[in-house]
Amino acid sequence: MEMFVTRAGFLTSVQDLGRTGFREFGVSLSGALDPFALRVANLLVGNDESAAALEVTLGGLQLHFNDDRIVAWCGGEFEVQIGSRSLPAGHVARSQAGDELKFRPPQIGCRGWLAISGGVDVPIVLGSCSTDLRANSGGFQGRTLRDGDVIPLGPRPGSPIPATRISSWTAPHDWASPAKRDPTLRFIRGVDWNRFNAATLQRLASEAFAVSPDSDRMGVRLTGPELRRIENADLVSEAVAPGTIQVPPSGQPILLLGDCQTIGGYPKIAHVITVDLGMAAQLRAGDRVRFSEVSLDDAHRLLLQRERALERFRIGLSLRNP
């Protein structure tokens, strides 16, 4: 029960829903940068939602299995093939032993999450199988995958698709393919909102920002209109989380992602809402992004709506596999 990596691609790592409960000790969350996409992909193949899977960055991944597996993926606009068959995002397929699975570079977005029935079987570190690339721990030997790696897989669970071909049904499009051209990310006001003048706040909500090449799993660095504080007094470091938008002295904001630090001393002007973090995870160098303010009540309502829809999706999958 193994997976053989022919080509590891640009940056492929083992991720699950992250390492929760240790932020007070300075341990980053890690995990899939779009946890919801990972949950959906895992449900499609019959796994527990939190099962370890592969996070693929910018494609180039080629692998095969030594037994039959059910696979599904969600994420950017990749072209994915199993043998000669095309596997669209959000669909489910059975990969037979020896079939090669390929991720080609994406047209839109930059990341995809590949779920495999049985999950990736790596040791649990602090309650999670996720790879912490900065700490070189977790995942597969604490690192990204390399050409020639042999990755252990867990036992295959019951699957929602007994057929040998690609499913005609799929997960909802926005769940399976969250990447957008020129996305608008919704935000709520941060704790330091009032440290910025009205003109700066207007620029944040009305002008576009470009994604810098100097971005990674820790955060997306943005270039564009300068965001200046009213005063430059030093701030006490406080808690930050994925979605926090910090503004360093340069005035060029940083949108934090899953590998972000646990505290930060830059002012926190805003926070991207949870349901839009999937779009944020797809930002790559050269992309343009805008921001739009919503209320905290709206953020809660949108998250609750999505969770209710996911519960209906779970029920639908269970009816396909009684």
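Residues numbered from 1 in each chain as written. Predicted model: local features only at pLDDT ≥ 70, side-chain atom pairs only at ≥ 80, totals over all residues. Heavy atoms only, no water.

Student: In this structure, what is going on with the sheet that holds strand 10 (residues 111-116)? I would like to understand it.
Tutor: Consider a sheet: its strands pair through backbone hydrogen bonds, and that pairing is either parallel or antiparallel. Pairing is antiparallel across the open sheet formed by 5 strands, whose spatial order is 2-3-10-5-8. What marks the edges here is a single partner per strand, and that holds for strand 2 (11-15) and strand 8 (92-95). Neighbouring strand axes in the sheet, compared pairwise and without regard to direction, differ in orientation by 25° on average. Direction of pairing for strand 3 (residues 53-57) relative to strand 10: antiparallel, over a ladder of 4 bridges. Directly across from Val56, in strand 10, lies its bridge partner Gly112. Across the sheet, helix 1 (residues 35-45) lies against strand 2, strand 3, strand 5 (69-75), strand 8 and strand 10, angled at about 155° from strand 5, the strand it touches most. (Pairing = 2+ DSSP bridges. Helix = DSSP H or I, 4+ residues; strand = E, 2+ residues; numbered from the N terminus. Axes fitted to C-alpha atoms, helices over the stretch in contact; angles between N-to-C directions. Contact = heavy atoms within 4.5 Å.)

Student: I'm lost on helix 5 (residues 296-320) in this one. Help?
Tutor: Side chains of residues three or four places apart in an α-helix project in the same direction, reflecting 3.6 residues per turn. Here helix 5 contains 25 residues, and its C-alpha end-to-end distance of 37 Å stays within 8% of the 36 Å for a straight helix at 1.5 Å per residue. Among the residues of helix 5, those classed as buried are Ala299, Leu302, Arg306, Ala309, Leu310, Phe313 and Leu317. Packed against the buried residues of helix 5 are helix 1, helix 2 (173-176) and strand 12 (184-189). (Expected span 1.5 Å × (residues − 1). Buried < 20%, exposed > 50% of the residue type's maximum accessible area, 1.4 Å probe, protein only.)

Student: Just checking my understanding: could you explain the environment of Ile116 for this structure?
Tutor: The topology assignment puts Ile116 in strand 10. Along the chain, Ile116 and Ala53 lie 63 residues apart, while their C-alpha atoms are 6.7 Å from each other. If near-sequence neighbours (up to four positions away) are discounted, Ile116 is found in contact with Met3, Val45, Asn47, Phe65, Arg69, Ile70, Val71 and Leu153.

Student: Just to check I follow, could you spell out the packing of aromatic side chains for this structure?
Tutor: Two aromatic rings, taken as a pair, are described by how far apart their centres are and by the angle between their planes. Evaluated as defined, the whole model comprises 7 aromatic pairs. Aromatic pair Trp73 and Phe78: ring centres 5.9 Å apart, planes at 85°, arrangement edge-to-face. Of the residues examined, Trp73 reaches a relative accessible area of 1% and is grouped as buried. We classify Phe78 as buried; its relative accessible area is 8%. Arranged with centres 5.9 Å apart and planes meeting at 35°, the rings of Phe187 and Trp193 form a pair that is tilted. Like Phe187, the residue Trp193 is buried in the burial classification. Through a chain of ring-to-ring contacts, three or more aromatic side chains come together here, namely Phe36, Trp175 and Phe313. Lying over the aromatic face of Phe36, Arg306 brings its terminal NZ or CZ to 3.9 Å of the ring centre. (Phe/Tyr/Trp six-rings, centres within 6.5 Å; stacked < 30°, edge-to-face > 60°. Lys NZ or Arg CZ within 6 Å of the ring centre and 35° of its normal.)

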